[in-house]
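Close look at the chain arrangement
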Amino acid sequence: QVQLVESGGGLVQPGGSLRLSCAASTSIFSLYGMGWFRQAPGKQRELVATITSGGTTNYADSVKGRFTISRENAKKTMYLQMNSLKPEDTAVYYCNAGIGPFRFGQDGYWGQGTQVTVSS
């Protein structure tokens, strides 16, 4: 069982920045694919960004050029740097992790989520 703990959410004005973190409990973190998903009220959970064990990244079109996903294997932590935030980025952000034959967003482990609110 892998524990994932997100942090870094909060209230920010439009145009502002936040950095989310996801700390994992596994000692083989470097072998895990990691991803960020978000869910806004009344909407389905959606992909934000993913990063494979090899460092390949993928982004939703809505966040390309504004968000950056990264990982620091020595700290067993994944990050999401969010810049130029918009009100439509408001959601609960979840960390997802898996290993082996793993489908982002469908399999693996999930964190408890961290709230991001973009509002003036």
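Residues numbered from 1 in each chain as written. Predicted model: local features only at pLDDT ≥ 70, side-chain atom pairs only at ≥ 80, totals over all residues. Heavy atoms only, no water.

Each helix and strand counted, the protein chain has zero helices and eleven strands in total. For the protein chain, the succession of helices and strands along the chain, N to C, is β-β-β-β-β-β-β-β-β-β-β. Compactness check: the protein chain gives a C-alpha radius of gyration of 13 Å against a globular reference of 14 Å for 120 residues, within 12% of the reference. Dimensions of the protein chain, computed from the C-alpha atoms along their principal axes, are close to 40 × 30 × 25 Å. Buried residues in the protein chain amount to 42% of all 120 residues. Across the protein chain, every contact between residues at least 6 apart in sequence was considered, and the portion connecting residues at least 24 apart equals 56%. The averaged location of the 7 negative side-chain charges in the protein chain is 3 Å from the averaged location of its 11 positive side-chain charges. (Helix = DSSP H or I, 4+ residues; strand = E, 2+ residues; numbered from the N terminus. Rg over C-alpha atoms; globule rule 2.2 N^0.38 Å. Buried < 20%, exposed > 50% of the residue type's maximum accessible area, 1.4 Å probe, protein only. Contact = heavy atoms within 4.5 Å. Lys, Arg positive; Asp, Glu negative; His and termini not counted. Charge placed at Lys NZ, Arg CZ, Asp CG, Glu CD.)

Counted by the stated rule, this structure contains five salt bridges. Taking the shortest distance from any N to any O, the salt bridge between Arg-38 and Glu-46 comes out at 2.7 Å. Here Glu-46 falls in the partly exposed class, since its relative accessible area comes to 36%. One salt bridge in this structure joins Asp-61 and Lys-64, with 3.2 Å as the shortest N-O distance. One connected set of salt bridges, linked through shared partners, spans Arg-38, Glu-46, Arg-66 and Asp-89. (Salt bridge = Lys/Arg side-chain N within 4 Å of Asp/Glu carboxyl O.)

The next thing to look at is the state of the cysteines. In the structure shown here, the tally under the stated rule is one disulfide. Put simply, Cys-22 and Cys-95 are joined by a disulfide, and their sulfur atoms are 2.0 Å apart. Taking the sign of the S-S torsion, -70 degrees for the link of Cys-22 and Cys-95, the bridge is left-handed. Separated by 73 residues along the polypeptide, Cys-22 in strand β3 (residues 18-24) and Cys-95 in strand β9 (residues 91-98) bring together distant segments of the chain. Relative accessible area serves as the criterion here: at 0%, Cys-95 is assigned to the buried category. (Disulfide = S-S within 2.5 Å.)

This paragraph deals with the packing of aromatic side chains. By the definition in use, this model includes two aromatic pairs. With 5.4 Å between their ring centres and 65 degrees between their planes, Phe-37 and Trp-110 make a pair best called edge-to-face. Of this pair, Phe-37 sits in strand β4 (residues 33-39) while Trp-110 is found in strand β10 (residues 109-110), placing the two residues 73 residues apart along the sequence. Exposure remark for Trp-110: the relative accessible area of 26% places this residue in the partly exposed category. Relative to Phe-104, the ring of Phe-102 has its centre 4.8 Å away and its plane inclined at 70 degrees; by these criteria the two rings are edge-to-face. For the cation-ring pair, Arg-45 lies above Trp-110, with the distance from its terminal atom to the ring centre recorded as 3.8 Å. The side chain of Arg-71 reaches across the aromatic face of Phe-29, ending 4.7 Å from its centre. (Phe/Tyr/Trp six-rings, centres within 6.5 Å; stacked < 30°, edge-to-face > 60°. Lys NZ or Arg CZ within 6 Å of the ring centre and 35° of its normal.)

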